[in-house]
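# Chain and residue survey
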Amino acid sequence: LAKTTQPISMDSYEGQEVNITCSHNNIATNDYITWYQQFPSQGPRFIIQGYKTKVTNEVASLFIPADRKSSTLSLPRVSLSDTAVYYCLVGPIKAAGNKLTFGGGTRVLVKP
Amino acid sequence: EPEVTQTPSHQVTQMGQEVILRCVPISNHLYFYWYRQILGQKVEFLVSFYNNEISEKSEIFDDQFSVERPDGSNFTLKIRSTKLEDSAMYFCAGSVLADTQYFGPGTRLTVL
């Protein structure tokens, strides 16, 4: 399983763009990159998933360079409600259940 | 939008007692999971369940734990004889295929 490294915490202000970079140097060919968000006392929530290049949805964008050894989650114009822990997960999508392995995540604090 | 639900939201029990945590996954989900998160620590995988059998389990998921999908809708986690160290948030999750997992709000288990 590819090891991931991401900042422990980040502070931002309302209206700013937040970029969280995750390193995964030993990512395997069949690994995908997935980001989850977790608010205090709630379950993780899927944000975005990608394999290469750029993926965008209504919540975030995910940038993956050609070598796939890192990825950057971009949250545009954050609000106070985006304060949460953000997890980068790397792993294959298997046929029979896909165990998610969470690291420590990045604690993002959005200030007014 | 359909959601995963979990009951109870908070369970307090005495050490050595049995507890059953309940989950109602989203109706079209085929894969089911339990995770736990001890206060201040990482989200940890416990078990995955597919086609009415366990597909994978972690070292945490010992003989004291069991899972069941008794009626095609509920998905339960039973802890036979609780220990103090079982105190944690327990999250149920489900997925249609072996990819994006949708988590419930969690059950906070407190063992006294």
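Structure report, in brief. (Residues numbered from 1 in each chain as written. Chains lettered and ligands numbered in written order. Predicted model: local features only at pLDDT ≥ 70, side-chain atom pairs only at ≥ 80, totals over all residues. Heavy atoms only, no water.)

### Considerations on the sheet that holds strand β9 (residues 106-111) of chain A
All names here are of chain A. If you walk across this open sheet you meet the five strands as β1-β9-β8-β3-β4, and the pairing is mixed. With one partner strand each, in any of the chains shown, β1 (9-13) and β4 (45-50) form the two edges of the open sheet. Strand after strand, the sheet turns through a mean of 25° between neighbouring axes, direction not considered. By the bridge criterion, five bridges tie strand β3 (residues 31-38) to β4 in an arrangement that is antiparallel. From the neighbouring strand, tryptophan 35 faces β4, where its bridge partner is isoleucine 48. (Pairing = 2+ DSSP bridges. Helix = DSSP H or I, 4+ residues; strand = E, 2+ residues; numbered from the N terminus. Axes fitted to C-alpha atoms, helices over the stretch in contact; angles between N-to-C directions.)

### Quick look at the interface of chain A and chain B
With 19 residues of chain A in contact, the opposing surface of chain B contributes 19 residues. Of the roughly 1,600 Å² buried between chain A and chain B on both sides combined, carbon and sulfur atoms contribute 55%. Here chain A is connected to chain B by one salt bridge. Lys99(A) is paired through a salt bridge with Glu56(B); the nearest N and O atoms lie 3.6 Å apart. Viewed at the interface, chain B and chain A are joined by four residue pairs in polar contact (both at pLDDT 80 or more). When its residues are assigned to classes, the side of chain A that touches chain B shows nine nonpolar, eight polar and two charged. (Contact = heavy atoms within 4.5 Å. Buried area = accessible area lost by both parts, 1.4 Å probe. Salt bridge = Lys/Arg side-chain N within 4 Å of Asp/Glu carboxyl O. Polar contact = N/O pair within 3.5 Å; in protein donor to acceptor, adjacent residues only side chain to side chain. Nonpolar A, V, L, I, M, F, W, Y, C, P; charged D, E, K, R; others polar.)

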